[in-house]
Amino acid sequence: MKYAIIIPDGAADEPLKELGGKTPIEAAHTPNMDWVAQHGRQGLVRTVPDGFESGSDVATMCLLGYDPKKYHTGRAPLEAAAQQIPLSASDWVFRCNLVTVVDGIMKDHSAGGISNAEAQRLIGDLSRAIDVAGLEFHTGVSYRNLMVYRGHEAIDVTTKPPHEFPEEPTSKYLPRGRGADLLLGIIEKSQELYAHHEINDVRRETGHNPATQVWLWGQGHAPDMPSFRSRFDVARGCMITGVDLLRGLAVLLGWDVHEVEGMTSFHDTNYAGQGVETARMLDKYDLVFSHVESPDEASHQADWRTKVDAIEHIDKHVVGPVLEKLRTFPEWRLLVLPDHPTNIATRKHGYAPTLFTMAGTGVQCPRPLPYNERNAAASGLRIEHGHELMEYFLRGGSR
Ligand SMILES: [Zn+2]
């Protein structure tokens, strides 16, 4: 049996007046996703359990079959796993975003999708300017960097993801609690250092958002997760993603990570390359998990045109070739779902259940309708505990 899972990150949404009352998935031309729904089934699944912030860390862990209530220790520890950063039980990891803040207002959680090279310079300079025992900085992809704290100060802080408060004052969401002073000191240092940094001068001159400071959040200790193989008896898994967070989950699951040239978090990503490589990896692996970040980023920018276009690209260049490849195997199943909604109207991750569709060997088709939020809701199929979806999918849609 060959399994493929395709994740158009944040693609689920609400009806938009700009789209004549349709959701972006509904408005997009998606013949391949529709084929899946019309030859299999669709429904809703709650991937963000009560009490959790909606985000790809929680939602992806959940849809992979791991209950976040049991296994989620924060977002940053997953990204640290991706970078193979060794952590002892007492070490803390924080996400260290490069962000754009103007007049105290959070303008951009991604500092204009800053390049890796620019991020490396800025984070390197910050690291050299700060003299705190046990503090380390690790650059990741674009604005997504990490800070590890192996020091002795007790930490018990509340932090807020910067993509959760666009256009709001940062003062409302600064780290609070034990150890907050340490974090505030780092944030202030970055503001001083970046105010007249030459990288920012160039970014301003070329019309790009500057990285005015770092923002620390998503902290946690290292999680302790059983391998996917031991949990689901599927031997070889492969992850394809442009995002460190998901590479980290793959490492913790005991999967391989396959890199595709030209993959980014944005709409400039190499969709075609990802589709070709996802299909190709099915020869080698029992399960291939292919994640595309671009619809999520478009949603955070409230860019509904790009969101629709990104969904169409994923359908054509990833779902299409993967479906074609799967059908060459005697037994196969395909699952497509956004990990969570990201709403154009609010530019934030939503908490509504997301829509999934699956087809393949043994999957019944009760109602052959195109894939969208409306039809998924009308199907009556609803999985309340999102971590049960994986078992449901691997069994071909029986509970
Ligand atoms: Zn997002």
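Before any of the text, the structure's been laid out above.
Overview of the structure. None of these values were measured; they are calculated from a predicted model. Per chain, the residues get numbers from 1 upward, laid out in the order the sequence is written. Totals for whole chains, interfaces and linings use all residues, but because this is a predicted model, local features are given only for residues with pLDDT of at least 70 and pairs of side-chain atoms are given and counted only at 80 or more. Side-chain measures here rest on the full set of heavy atoms in the structure, leaving out hydrogens and waters.

**Examining the overall build of the chain**
And step 1. Of the regular secondary structure elements, the chain holds 15 helices and 17 strands.
And step 2. The globule rule used here is 2.2 Å times the number of residues to the 0.38 power, and the radius of gyration it is set against is calculated over C-alpha atoms. In terms of overall dimensions, the chain is globule-like: its C-alpha atoms have a radius of gyration of 21 Å, near the 21 Å expected for 399 residues.
And step 3. Buried, partly exposed and exposed residues are distinguished by accessible area as a fraction of the type maximum, computed with a 1.4 Å probe on protein chains only: under 20%, between the cut-offs, and over 50%, respectively. Counting only residues that meet the buried cut, the chain has 59% of its 399 residues in that class.
And step 4. Contact criterion: two residues are considered in contact whenever any of their non-hydrogen atoms come within 4.5 Å of each other. In the chain, once contacts between residues fewer than 6 apart in sequence are set aside, the share between residues at least 24 apart is 74%.
And step 5. Of note, the chain has its 40 positive side-chain charges centred 5 Å away from the centre of its 53 negative side-chain charges. Secondary structure elements follow DSSP: runs of H or I of four or more residues count as helices, runs of E of two or more count as strands, with numbering from the N terminus. Lys and Arg are tallied as positive, Asp and Glu as negative. Neither His nor the chain termini are counted. In plain terms, the charge of a residue is placed at NZ if it is Lys, CZ if Arg, CG if Asp and CD if Glu.

**Looking at the pairing of strand β6 (residues 144–149)**
And step 1. Burial analysis of β6 places six of its six residues in the buried class, the great majority of the element.
And step 2. Side chains of β6 alternate between two faces, with Arg144, Leu146 and Val148 and Asn145, Met147 and Tyr149 buried alike.
And step 3. As judged from the five bridges shared by strand β5 (residues 135–141) and β6, these two strands associate in the antiparallel manner. Of the residues in β6, the one forming a bridge with Phe137 is Met147.
And step 4. When DSSP finds at least two bridges between two strands, those strands are taken to pair. Where β5 folds back onto β6 in an antiparallel hairpin, the turn is made up of two residues, including Ser142, whose phi is positive at roughly 55°.

**Some details on the sheet that holds strand β11 (residues 256–257)**
And step 1. Pairing is mixed in the open sheet, where eight strands are placed in the order β11-β10-β12-β1-β13-β16-β2-β17. Looking at strand neighbours, the two that pair on one side only are β11 and β17 (382–383), the edges of this open sheet.
And step 2. To get an axis, fit a line to the C-alpha atoms, keeping to the stretch in contact for a helix; angles then go from 0 to 180 degrees between the N-to-C directions. Against the sheet, helix α13 (residues 304–326) touches β1 (2–8), β12 (287–292) and β13 (332–336), its axis set at about 175° to β1.

**A few points about the coordination of the zinc ion**
And step 1. Donors, by definition, are the N, O and S atoms found within 2.8 Å of a metal, the threshold being 3.2 Å for Na, K and Ca, and water is not counted, so a site can look incomplete. Donor atoms from the polypeptide that coordinate the zinc ion comprise Asp296 (OD), Asp296 (OD), His300 (NE2) and His349 (NE2), at 2.0 to 2.5 Å from the metal.
And step 2. All donors of the zinc ion belong to a single chain; written as a sequence motif, their spacing is D-x3-H-x48-H. Placement of the pair is Asp296 and His300 together in helix α12 (residues 294–300), with a separation of four residues, close to one helical turn. Accessibility assignment for this pair places Asp296 and His300 in one class, buried.

**Things to note about the packing of helix α3 (residues 56–63) against helix α10 (residues 244–253)**
And step 1. Relative orientation of the contacting elements α3 and α10 amounts to 35°, with a least axis distance of 10 Å. When the axes of α3 and α10 are compared, the crossing they make is right-handed. Along the contact surface, α3 presents Ser56, Asp57, Thr60 and Met61, while α10 presents Leu245, Leu246 and Leu249.
And step 2. Looking at the contact of α3 with α10, its residues break down into four nonpolar, two polar and one charged. Throughout, a crossing is termed right-handed when the near helix is turned clockwise from the far one, and left-handed when it is turned anticlockwise from it by less than a right angle. Polar here means any residue outside two lists: the nonpolar Ala, Val, Leu, Ile, Met, Phe, Trp, Tyr, Cys and Pro, and the charged Asp, Glu, Lys and Arg; Gly therefore counts as polar.

**Here we look at the pairing of strand β10 (residues 237–240)**
And step 1. Where burial is concerned, the two faces of β10 agree: the one with Gly237 and Met239 and the one with Cys238 and Ile240 are both buried.
And step 2. Relative to β12, β10 runs parallel, the two being bridged by four bridges. Residue Cys238 lies in a different strand from β12, and its bridge partner there is Val288.
And step 3. Strand direction decides the pairing type here: β10 and β11, joined by two bridges, are parallel. Residue pairing in the sheet places Cys238 in a bridge with Asp256 of β11.
And step 4. When the strands point away from the viewer and the connection leading from the first strand across the helix to the second strand turns clockwise, the crossover is called right-handed. Read as a crossover between parallel neighbours, the route from β10 over α10 to β11 is right-handed.

**Points about helix α2 (residues 31–39)**
And step 1. Turning to α2, its buried residues are Met33, Asp34, Val36 and Ala37. For α2, the arc enclosing every buried residue in end-on projection is 155°, short of the 170-degree limit, so these residues lie on one face.
And step 2. Buried-residue contacts for α2 involve β1, β2 (41–45), α13, β13 and β16 (354–360). To obtain the arc, one takes the directions from the helix axis to the C-beta atoms.

**Here's the deal with the nonpolar core**
General note: in soluble globular proteins, nonpolar side chains tend to be found buried as a group.
And step 1. In these notes, a set of buried Ala, Val, Leu, Ile, Met, Phe, Trp, Tyr and Cys residues joined through side-chain atoms within 4.5 Å is what counts as a nonpolar core. Formed by 77 residues in total, the largest nonpolar core has its most connected members in Phe228, Phe289, Leu334 and Phe356.
And step 2. Here this core takes ten residues from α13, the largest share from any one element.
And step 3. Not counting the four nearest positions on each side in its chain, Phe228 is found in contact with Leu64, Tyr66, Asp233, Val234, Leu253, Trp255, Leu287, Met390 and Leu394.
And step 4. Formed by 28 residues, the second largest nonpolar core is a distinct cluster that contains Ala119, Ile123, Tyr143 and Leu183.

**Let's talk about the packing of aromatic side chains**
And step 1. Any Phe, Tyr or Trp ring, taking Trp's six-membered ring, that has another such ring centre within 6.5 Å forms a pair; planes under 30 degrees apart are called stacked, those over 60 apart edge-to-face, and the others tilted. Considering all chains together, one arrives at nine aromatic pairs under this definition.
And step 2. When the centroid spacing of 4.3 Å and the interplanar angle of 35° are considered together, the rings of Phe165 and Tyr173 count as tilted. Neither residue differs from the other here; Phe165 and Tyr173 are each classed as buried.
And step 3. With a centroid separation of 6.3 Å and an interplanar angle of 85°, the aromatic rings of Phe356 and Tyr392 are classed as edge-to-face. Placement of the pair is Phe356 in strand β16 and Tyr392 in helix α15 (residues 389–394), with a sequence separation of 36 residues. Accessibility assignment for this pair places Phe356 and Tyr392 in one class, buried.
And step 4. Either the NZ atom of lysine or the CZ atom of arginine qualifies as a charge over a ring when it sits within 6 Å of the ring centre and within 35 degrees of the ring normal. Taking the ring centre of Tyr66 as reference, the NZ or CZ of Arg231 above it sits at 4.8 Å.

**Some points on unusual backbone geometry**
And step 1. With phi around 65°, Glu167 is a residue other than glycine that occupies positive phi space.
And step 2. As for its placement among the helices and strands, Glu167 is situated in the loop between β7 (156–158) and β8 (176–178).
And step 3. Here Asp233, not a glycine, exhibits a phi torsion of approximately 60°, which is positive.
And step 4. One can find Asp233 in the loop between α9 (228–232) and β10.
And step 5. Here Asp233 falls in the exposed class, since its relative accessible area comes to 70%.

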